[in-house]
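The primary structure of each chain is shown beneath.
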Amino acid sequence: MTTQPTDEAARRKSLRRRHLLQRQTIIFGSLTVILVALALAALGVFLNILPAPFDPDFTNDNAQVDTGPVVPCPAEGALPVEWSGITTNVYNGTTRGGLAGATAEALRATGVVTAIEANYPHGSYDGTVLITTGVEGISSAYSIAPLFPAYEILFDGTKTDGVIDIVVGRTFEAMTPDATPLDPAAPIVGLEGCTPANQLRTVATETPDASR
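Residue numbers here run from 1 along each chain, matching the order of that chain's written sequence. Local features in this predicted model are restricted to residues of pLDDT 70 or higher, and side-chain atom pairs are both shown and tallied only at a pLDDT of 80 or more, whereas totals for entire chains, interfaces and linings draw on every residue. Note: side-chain values were computed over all heavy atoms of the structure, leaving out hydrogens and water.

## A closer look at unusual backbone geometry
At step 1: Non-glycine residue D178 carries a positive phi angle of around 55°.
At step 2: Only runs of H or I of at least four residues qualify as helices and only runs of E of at least two qualify as strands under DSSP, and these elements are numbered from the N terminus. Turning to its location among the elements, D178 is positioned in the loop between β6 (164-168) and β7 (203-204).

Rendered as structure tokens:
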């Protein structure tokens, strides 16, 4: 009979299949262990238990950061601007007729140049005076502020020139009587909590919402 060779071939085939299954088990088991370890490591980084596997210094410092209303600081050592050297747009943030025109006339009496007089296109303003400026107009914004009894200064990243916007609001009654300019020899002091001027170009802002 010739069953011995047939039995030997079957045994070898069975061994090859067993070895293949063992290798597959080892490979898949190793992959499973690696994936579980990576998942646990990622969870540890997410929960701040483990340090990030990259240097945070490689992050892009020039990337824009979305943010809310930003109060700009004047540049270090910046001096006040004479009122006659300031150009403004004047907007009425109320339902009172003629407020922009009357305020613009009062500003011109101090030497300030006015360009636009109109209703505020972004809505109403519940405060007294909102002064908005781009990077180039920050010194002008701070310099004109003493003309008003109350105000806020906000950064508008869409403005690219030195013209500032003045929005007169619901609580505005009149400009400050007998207002005096800032000391022309003293550097401008920024408002509390303002953002340094050298960081403003990386701040992504929309036109400030005056309906507050």
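## With respect to the pairing of strand β3 (residues 113-119)
At step 1: Here, any two strands with at least 2 DSSP bridges between them count as paired. As paired strands, strand β2 (residues 87-92) and β3 are joined by six bridges and run parallel to one another. Each residue of the ladder has a partner; that of T87, found in β3, is V113.
At step 2: Seen with its strands pointing away from the viewer, a crossover is right-handed when the path leading from the first strand over the helix to the second is clockwise. A crossover connection joins β2 to the parallel β3 through helix α2 (residues 99-109); in handedness this β-α-β unit is right-handed.

## Considering the state of the cysteines
At step 1: For the purposes of this analysis, a disulfide is any pair of cysteine sulfur atoms at a distance within 2.5 Å. A full pass over the atoms with the stated rule returns one disulfide.
At step 2: Across the disulfide from C73 sits C194; the S-S distance is 1.8 Å. With the S-S bond torsion at 95°, the cross-link from C73 to C194 turns out right-handed. One end of the pair, C73, is in the loop between β1 (65-66) and β2; the other, C194, is in the loop between β6 and β7, with 121 residues separating them in the sequence.
At step 3: Partly exposed residues are those whose accessible area sits between 20% and 50% of the maximum for their type, while under 20% is buried and over 50% is exposed, using a 1.4 Å probe and protein chains only. Using a relative accessible area of 11% as the deciding quantity, one classes C73 as buried.

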